[in-house]
Every structure is written in C-alpha cells, then in structure tokens.
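Summary of the model geometry
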Amino acid sequence: MQDYKPEEIEPKWQNRWEADKLYRAEVDWDRPKHYALTMLPYPSGDLHIGHWFAMTPSDARARFMRMRGYNVLFPMGFDAFGLPAENAAIQRNIHPAKWTYANIERMRTQMRSMGNMFDWEREAVSSDPKYYKWTEWFFKTFYENGLAFRGEAMVNWSPTLQTVLANEQVIDGKDERTGQPVIQKMMTQWFFRYTRYADEMLDFSRIDWPEPIKLMQENWIGRSEGARVIFHTEDGDEIEIYTTRPDTLWGATFMVLAPEHPLVETITTKKQKKAVQAYREQAASMTEIERTGENREKTGVFTGGYAINPVNEEHIPIWIADYVMITYGTGAIMAVPAHDQRDFEFARQFDLTITPVIQPADMDPLDGETMDASYVGPGEMINSGMLDGTPVNNEKGRKNPSIAKVLDWLEEKEIGKEAVNYRLRDWLVSRQRYWGCPIPMIHRADGEMEAVPDAELPVTLPDDVEFKPTGQSPLTYHEGFLNVTDSDGNTGRRETDTMDTFMCSSWYHYRYLSPDYDAAPFDPEEAAYWLPVDVYTGGAEHATMHLLYTRWFARAMRDTGVFEETAEIMRAHGRDPEGAFDEPMLMLRNQGQVLGSEQAGDYVIAQGSFDGSRLLAEHVKVIEPGAVPAGFDGVFGEIIRRTESILHVDPGDGNMSIVEVQENATVEIPEIEGENDVNQLRQHLEIQRMSKSKGNVVNPDELVAEYGADTVRAYLMFAFDWQKGGPWDPQGIKGVVRWISDVWTLVHETAADPTTDHVETQNIKEVISVQRAMHQAIIKVTKGIETFSFNTAIAAQMEYKNTLQKLKNSTVIYTTEWREAIRTMLLLMAPVAPHVAEELWERVGGDYSIHQQAWPEGDPQLAAEDEITIVVQINGKVRDKLTVPADVSEDIAKEQALASETVQSHLDGTTPKKVIYVKGRLVNIVV
RNA sequence: GGGGAAGUGGCGGAAUUGGCAGACGCGCAUGACUUAGGAUCAUGUGCCUCCGGGCGUGUGGGUUCGAGUCCCACCUUCCCCA
C-alpha cells in the first residue's frame, strides 16, 4: 500500500481537472441549473483562513448539487477597486493596478490549492476596463432614468483619506477601514435614489434569507408612518416638519431646527446672531454619533424667532440644537416635551413650556411644571381642542386611533399630509479617489452635466498618474484626463469622482455569466438560463451594505429594461420570467467567523526589588504553572498582558501584580534556546479575531503544506457550526487527519484490487449491517450538506467509516455489497475531500471522474434497524430499556414494558394511572 | 437605551424539532506495540456516590405524562442600531 501523500495527489488532480475542463459550466436547457455563488474577495494580498472557511464549504455544497444532477455554475472573481491599493500607491509608490493585479495573481494560485470547482473561464475582475465599462454604463443608464442624480448633501468627509464615505462606512464617527475621525461637510455629490425601492426591499417574501439579515435590513430602511406638517414663522416662512406622532401636535411648545437648516440665517434675530453662529460652528465639528448620543447633556441656542403652531395658533420659540439632523426627515422638528424624552430634557435644560396632551387613565393629571420625565404610553388626548378624549394606544401609524383621527383632521384642514419617512438615505456613490470606476459624466462648458456617449465608454483611468502624499486623487490634476470636448464642441471638464466600490460588487454575479461579452453587461442567452443566483454564501457583516445595495441594483436594472432580452429568451425556452429579476439571490446563508484560539500566557516567577506594589524585576523565569519553589520571594503567575517591558501577572487569584522588567534583567525561557529577552514572553490571548498584531493568525498555505487541502477543507467543515464559526483549535485537525488516513487504509486493504473475484458471504447478517450503515450514512450526509450542517455530514461519514472498519475482518469483504459500500463511502466524501476521493475512486476502478457520478440514493427501508430499543419511563424517568422488533405493536410494547421487573418493583402493586406510548421510542408509565 | 442571536462535559460541537442529553471529534486515563513517541492499536471517559442510586443543558419559576427544545422573569456573552 502506498502512503497517502496529498502533496502529490492534489496537484495531480487539480491539473487533470483543469486540462479536462471538468468544471466548465455551460448552458444546457435540458438540465436543471444551479447557480451557486460565494462572495468575491477583495484582493488584499494573501488568502487567509476566513476565505477558506467561506469558500470551501460552499464549494462542497456546489459539488454536492452537481452530483445530484444539477448543472452547477460556481464562479469566482475579484472586487478589485478600492482604497488599500491606493494607499499602497501613496505609501510605497506602487501603481494601484500593479499592486492589485500582483495580489490577484497570488490569490488565484492560492485559491487553486483549495481544489474548488470554480469555473475560471467565468472569472471577472471589477477593475478591468472590460468590466467597468459596464459599471459605467449602468451609471449612465440610471442617470438617464432618473435613478442617479447630483445633489448637495451633508457628507461624511474623511480628512485622512480625502474622500467622502457612505454612512455604512462610518463606525462610531470614524472611518471603518482606518479608524480615523470623519467630519461633516456640505458637498455636491452623485447619488442613487435608494429610497425608490425602500418599500419593495422590505418585502422578503420571495427570498429565503436568514431572519437576522432581514431584520437588520428592515431596521436599516427604517420605514415610519406619520405626517408632514407645515409650520410658519411669524414672518410667513414655511418650516416643514415630519412627525410620527401628529396626535401630539397640540403639545408642540417649541421648534428645533438642525444647525445647518437653511432657514436659520433668516429667522435669527440680531441679538442672537453671535450665539447662533458660534453654535453652528461647534456643531459642524462633531459627528452624528456624538451629536445624538442619548446620555449627553442637551445643548442648543434660541434663534430669537417664533413660529406659529398651525393647530392652535400658539406662538412658539424656534431653537437650533445639534440633536436634530439636517439629513433626517426635514431637518426640523416640532418639540413635544411632554411626550418625547429628548424634547423633555431640552425643555428642562432651557426652561421651556411643557404642555401634556395625552393623559394616561390611571394617573393623576399630568402637570408640565412637575413632570420628571416625558410620558410615552397610552391614554387619551387632552388640551387638544375638539379632539380631546380621543383614545391613544401603543400602536404606530394609523393603527393608533388618535393618529388616524389627527391625520384625517390635518388633511381636511390642509395643515399637513399623511407621510411615510425612511431612515434610509439616498446612496452616495461619489468617491474622491483614483482607484475606482470612473463616473462617465462631463461638466460642460455651459455648466450643465452630460453623459459620455456610449461609443466612448469606458472612460478609462489614466495610467500615468502621480500620487501625492496629500491623498488627493490624481485625477483632479491630470490634464489629459480632465480636459474633454462636450457634445457642442466646447471644452468641458471630466468628472473626477469615481464610484463607490459597492457599485462594482452590486452586479458582479451578472458579469460572471459572460465576462468577455462586449455587447451588453451580460449575455442574455446565459442570463436566461442561469439567473437568478440560487444560493449565495458570505459573511453577515454585509447585511446592510452589499446585500442591500445588490437588491436595489437588481430592481434598478429591471426597471431600466436591462433584462428585456433575457426575458424573451426565457419565454422562448418555456420559462416564465415573471418575478425572475426582482431579487438577485434566492437563498442566502452566512458563515460565521474563525477566531483565534485561546492561548495561555507564560507562567513566570520574577525577582527583584519592590517599588511600592510594583516589582522592579532583575530576573524573570518561565516555569511550569504552579511550580513555584517553596519559600519563593517575589511575584509569580501567568502573564495576562505585556506592554513593552511591563508585565501584568496573575497569580491565579485575580489580584494582578505589575512587574517592570529592568533593562539589564535576565530573562529565562527554557523552551527557547540561546539568550532570551522580555519580548519573547508570551501573554495570555483571549478568543478573538485573528490579526497579525495579535500573532494568532492561522495561515492556510502552511496548513495545506502540512496536511493537504482535503484535510484543511474537511476540518473547517467539521470543527465548527459553519453558520456560527468559533475559535480555531490547532489540535482538533488530528481527528480529520485520522479519518482520511483510515479511509485510505480501509480502501487499500479491502477493495484496492478491482480484479479480485467477488465471493458471496455466508453471513447474511453482516451484509445487512453493511447495507444498513451505508443507507444511514447516505441519508445523514445528504441532509447535512443540504442544510449547511457540514459538521454533522462529516460526523456521519466518520461513523460510517468506523462501522466499516469493525467489519473489515469479517467475511463480508470482497462481496458485491462491500464494494458498493466502499464506493459509496468515496462518493459521500467527494464534495468534502475532492482529491483523495478522486484518487481512491480511481484505485477501486471507478469511472473518471468521481465528480461526475450520481449522488447515491439513501433508502429509508434499508436504513431502518430491525430491532429497536424502547425506553421504559416511570413518570418521565428512564427505568428500563426493551429491545423489540422495529415493527412492534403498541399493545405488545406496553405489555412488555409493564411486565418488566424494574417496572414491577417501582409499581409496587399499584395500578398505573396512564400508559403513554410513543411509536418506536418509549413507553411512559404514569403512577 | 432599543433590537437580535446565543448560553449543553475539560474543549469544538450533536440531539428526527416536545420523547434514551452528550452523536462525531479533540483532550485525558489505562493498557499494548516500541530504541523512542507529538506514531499506531485496544478499552474507558458528564458529575456525585454510602454502588442502592442520586444529580445534570446559565439561574429561578411555569405548562406537560414527558422540557436542552414551549411560556414568564432574571443573569452572562456576542452582534446590529442609537
């Protein structure tokens, strides 16, 4: 028997599969299609274990679907535009394209080592002109259909990156990528009408996506129902507000405008001008998060102006305050301090009137003077003129009788209108960067905008660019790029903003269909067959970004007619295109994250002199935990944290000691030869994300070199609940190593020679055991892979292998049934460990390729045990077990249970109150 | 503060969805084979035990013949949003 050498068989089969175009997916209307997709990576440089965790189980499932008779498309590509490339350009003077394509080349090689069934002929790279030509074309199409527009907006501006960021890219007031602060700035930018499809995107009825993702998208879209109401200033200027609680209008005792509100200039009185100006400047320097933080003391300034409350003609003061955002609603609110906590705090802070307009039934009448918090519960309307007495409940929108009544009243009096508002803002697509898809627009000589003609697409990024350390986009000072002739023959200026990279990744699954197609973004012949994506896998962190953008994009494509030809072809093939383009991905599953493993810190003893409670150590030695010499004088324990030469040492009782290792101190680490220093001391690591700085990164290339890709794949699928992820355990991989090597041995020992004559076994019992184990395994593995429970699918295979191992010394080997059992074992293994399965398949004389064989069918009849164990319970506690024929009748089971000795002794002569029988499971005797 | 997910042996994790808790694997223990063992093989392994049994799925209650699973309250961790 040869040894199992993955380093030989894996490249061998990878090359063979590639040469044979085994995974080439082609349109075939006679076969059912399955479009499996996993999120495309950003070419950051090296493939890490997270990529493996995302891609190889998805591959296993795609392979499984293929064996089940589907024509499977499983493509891969790169989301290749983006800031890291540009940062590399600025810092290391490498052109972004060079950096990007070198990384892609490297990652392609690494990806090939996974043994995935990627159809590389479908590869798409978003930074290729032949790809971004169509990204530009989409922009243009959306522009021409009113879905893209130029607008003035308060934007997140990153001074470090010199670019605008989308809200999703700003975390806690800082840029998500660099962690640098982001400021608010008014700018003219390109937007997509994101809210156009807000309502449609709230409908998830066509898609099978995880509940948490749907919920996050729902919250992100943030639909609310209420009213828009027009207030007027004393001078007659209109101030429009949006409120979800129009039933509290009578309690609006002041108004608050966002500091950036355009009306602030007009209404501010001379006397207040200085204070208002100062406040506006201060607000501009703060981030939205800082401004809306709930525990913050409320700040604000009176403008000196007054507005008239349209429902009761009261003159109410107009303030500005930073807790009102110009970007949300209308940038102005009516303040109802009695029934809104933020307004309440503001009113108390500045001693403004509080008028209750909802009175709860079981409380003393509310008094604005003495209330210590706003009241937000149900009750009935008061102080609201003719609407007094209207009941108020906890419902939102029209379901609340008070809101319904006020809405009608407002519309009748023409004071306000029923309105829906979204938290979702329009999608800001402008980026002041070089390494992104150009926006194909021209600023004409006359100041108007016009789109670049189709024939001139794509607008390509110039190669000869110089990156300045200011971070400013080189497009803004590249004369050759900037100067352009508009359609009237005048000199215009090219748009220098490029697109958000989420634009590129919103449609890549269409480009995969025909990456070289030049007449349209995708070949409708391909699209008609493959669309939509059947299974999409990727990380949940994209819930409100990529996964929402791509849903929007599909609808925008649909409504701009991009799918018309595709629909025609579908009809020609008898497929109904109705609804086929509404949702881009029918099923979504998220994988979890592989985290770093927990690592104990070195256990040390340290000696030196004490400076207060701090030990100035002259000598530090790593020892076995707890092996502290008797009478030791100094500090000992596990190193929990180390910062430079300062150690936090925990002796085990949680009382941390601080040890400062002196410059000339001696450090002794027995495990590490030679002279040691303080930097080699290892600190305790919690389970957390892998990162280079924490030193807990698992490198897949090294694992593949040591164990082979099949083992790494199988371990990633076996060790975690795939949808949850978890800490990496370097020990655990041994289990998978043993499994594969056991299979290897088992196959060679019992089935390697295809010419061996089959003998009939005399022992029918063993044959039945083999068949039963086989069908049980087929059923479990099938279900496991189908439901993304890869760990149980592999557990079932291990169990099956264990059973076969136990029988390998019996007469059953070399029988037809045994050979079938071995072949089935390999077929079940094929999606998980494609190389070793192929190798062994060949060695047992199977037809090439194992990956083109049909998935075995599990027969529940053959899987069923003929004898089963029935549990006998008394009052729900297990007291005895019976072995009975599987088809035992209820009466006999009960009878046998009652006859059991243990039961009799427990009954002690009494008659049971009730006997419950669960078919094939248990008898429960109630006494 | 709001919303969501989760909490099961020393560890990763199973449990036909209300029916034998702990599949499978790691680790550990004992033994075998070995010049050696971070290899391999065999057996065992939830906890306690007076060896009768008792207790066990974060805590406390509830529903049920029966609860890891359903309901209520609480605690802890993680994620999303403010």
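Quick look at the structure, then. Not measured: the values here are computed from a predicted model.

What counts, and at which threshold
All residue numbers refer to positions counted from 1 along the written sequence of the respective chain. Chains and ligands are labelled by the order in which they are written, letters from A for the one and numbers from 1 for the other. Totals for whole chains, interfaces and linings use every residue, but because this is a predicted model, local features are given only for residues with pLDDT of at least 70 and side-chain atom pairs only at 80 or more, for both listing and counting. Side-chain metrics rest on all non-hydrogen atoms present in the structure, leaving aside hydrogens and water. Salt bridge, as used here, is a side-chain nitrogen of Lys or Arg placed within 4 Å of a carboxyl oxygen of Asp or Glu. Put simply, DSSP marks the helices as runs of H or I at least four residues long and the strands as runs of E at least two long, and each gets a number from the N terminus on. Burial classification: accessible surface area is computed with a 1.4 Å probe over protein chains only, and a residue below 20% of its type maximum counts as buried, one above 50% as exposed, and the rest as partly exposed. In this description, strands pair whenever DSSP reports at least two bridges between them. Any two residues having at least one pair of non-hydrogen atoms within 4.5 Å are treated as being in contact. Only the stretch in contact is used when fitting a helix axis, every axis being a line fitted to C-alpha atoms; angles between N-to-C directions are given from 0 to 180 degrees. Polar contacts, as used here, are pairs of N or O atoms within 3.5 Å; protein pairs need one atom able to donate a hydrogen and one able to accept it. Residues neighboring in sequence count only if both atoms are side-chain atoms. Residues enter a nonpolar core if they are buried and are Ala, Val, Leu, Ile, Met, Phe, Trp, Tyr or Cys, with the set joined through side-chain atoms within 4.5 Å. What marks off one domain from the next here is an automatic or database domain assignment. Two aromatic rings from Phe, Tyr or Trp, using only the six-membered ring of Trp, form a pair when their centres are within 6.5 Å; if the ring planes differ by under 30 degrees the pair is stacked, by over 60 it is edge-to-face, and anything between is tilted. Both a distance and an angle decide whether a charge sits over a ring: NZ of Lys or CZ of Arg must be within 6 Å of the ring centre and within 35 degrees of the ring normal. Relevant arc is that of directions from the helix axis to the C-beta atoms, nothing else.

We now examine the pattern of salt bridges. Evaluation of the coordinates by the stated rule reveals 49 salt bridges. A salt bridge links Glu495 to Arg150; the nearest nitrogen and oxygen atoms lie 3.4 Å apart. Separated by 345 residues along the polypeptide, Glu495 in the loop between strand 25 (491–494) and strand 26 (498–499) and Arg150 in strand 5 (residues 148–158) bring together distant segments of the chain. According to the relative accessible area criterion, Glu495 is buried, its value standing at 5%. Connected via shared salt-bridge partners are Glu200, Arg206, Arg551, Arg555, Arg558, Asp559, Asp582 and Glu583.

Now for the sheet that holds strand 9 (residues 183–192). Across the sheet, which stays open at both edges, the four strands sit in the order 6-5-9-20 with antiparallel pairing between neighbours. The sheet is open, and its two edges are formed by strand 6 (163–165) and strand 20 (427–428), each paired on a single side. This element, helix 5 (residues 129–144), spans strand 5 and strand 9 of the sheet and lies at about 85 degrees to strand 9.

Let's shift gears to the side chain of Ser430. Summarising the element assignment, Ser430 is placed in strand 21 (residues 430–431). A residue is classified by how much of its surface remains accessible, and Ser430, at 0% relative accessible area, is buried. A polar atom in the side chain of Ser430 sits 2.7 Å from the backbone nitrogen of Trp190. A distance of 3.2 Å separates polar atoms of two side chains, one belonging to Ser430 and the other to Asp497. In this structure Ser430 touches Val164, Gln189, Trp190, Ile439, Asp497 and Thr498, once residues within four positions along its chain are discounted.

Attention now moves to unusual backbone geometry. Pro458 follows Leu457 through a cis peptide bond whose omega is 0 degrees. Along the chain, the position of Pro458 falls in the loop between strand 23 (449–451) and helix 13 (479–482). The omega torsion across Tyr848 and Ser849 is -5 degrees, close enough to zero to call that bond cis. Assignment of secondary structure puts Ser849 in the loop between helix 25 (834–843) and helix 26 (860–863).

Phe139, Phe142 and Trp552 are the most contacted members of the largest nonpolar core, which has 91 residues in total. Residue contributions to this core peak at eight residues, all from helix 17 (residues 546–559). Here this core spans two domains, since at least three of its residues come from each of domain 1 (31–125 + 502–592) and domain 2 (137–204 + 426–501). Apart from the residues lying within four places of it in its own chain, the contact partners of Trp552 are Phe142, Leu147, Phe192, Arg193, Tyr194, Tyr197, Met201 and Trp427. Membership of the second largest hydrophobic core comes to 90 residues, among which are Leu47, Ile49, Leu716 and Leu746.

Overall, the coordinates contain 53 aromatic pairs when judged by the stated rule. For the pair Trp29 and Tyr529, a centre-to-centre distance of 5.2 Å together with 70 degrees between the ring planes defines the contact as edge-to-face. One end of the pair, Trp29, is in the loop between helix 1 (6–19) and strand 1 (33–38); the other, Tyr529, is in helix 16 (residues 524–530), and 500 residues separate them in sequence. By relative accessible area, which is 26% here, Trp29 ends up partly exposed. When the ring of Tyr434 is compared with that of Phe467, the centres are 5.3 Å apart and the planes differ by 85 degrees; the resulting orientation is edge-to-face. Of this pair, Tyr434 sits in the loop between strand 21 and strand 22 (441–443) while Phe467 sits in the loop between strand 23 and helix 13, and the two are 33 residues apart along the sequence. We note that Tyr434, like Phe467, is buried. Taking the ring centre of Phe481 as reference, the NZ or CZ of Arg494 above it sits at 5.5 Å.

In terms of residue burial, strand 5 counts as a mostly covered element, since nine of its eleven residues are buried. Relative to strand 6, strand 5 is paired through three bridges, and the arrangement is antiparallel. Note on strand 6: the bridge partner recorded for Asn156 is Leu165. Hairpin connection from strand 5 to strand 6: four residues lie between these consecutive antiparallel strands, with Gln162 at a positive phi of about 55 degrees.

With that settled, the discussion passes to the environment of Ala830. For Ala830, the location among the structural elements is in the loop between helix 24 (816–829) and helix 25. When the C-alpha atoms of Ala830 and Ile850 are compared, they prove to be 7.1 Å apart, with 20 residues separating the residues in sequence. In contact with Ala830, other than residues within four places in its own chain, are Arg63, Met67, Ala837, Ile850 and His851.

This next bit is on helix 18 (residues 564–572). Burial in helix 18 covers these residues: Thr566, Ala567, Ile569 and Met570. Taken down its axis, helix 18 places every buried residue within 160 degrees of arc, on the same side. What points out from helix 18, more than 90 degrees from its buried face, is the exposed set Glu564, Glu565 and Ala572. Tucked inside the fold, the buried residues of helix 18 contact helix 16.

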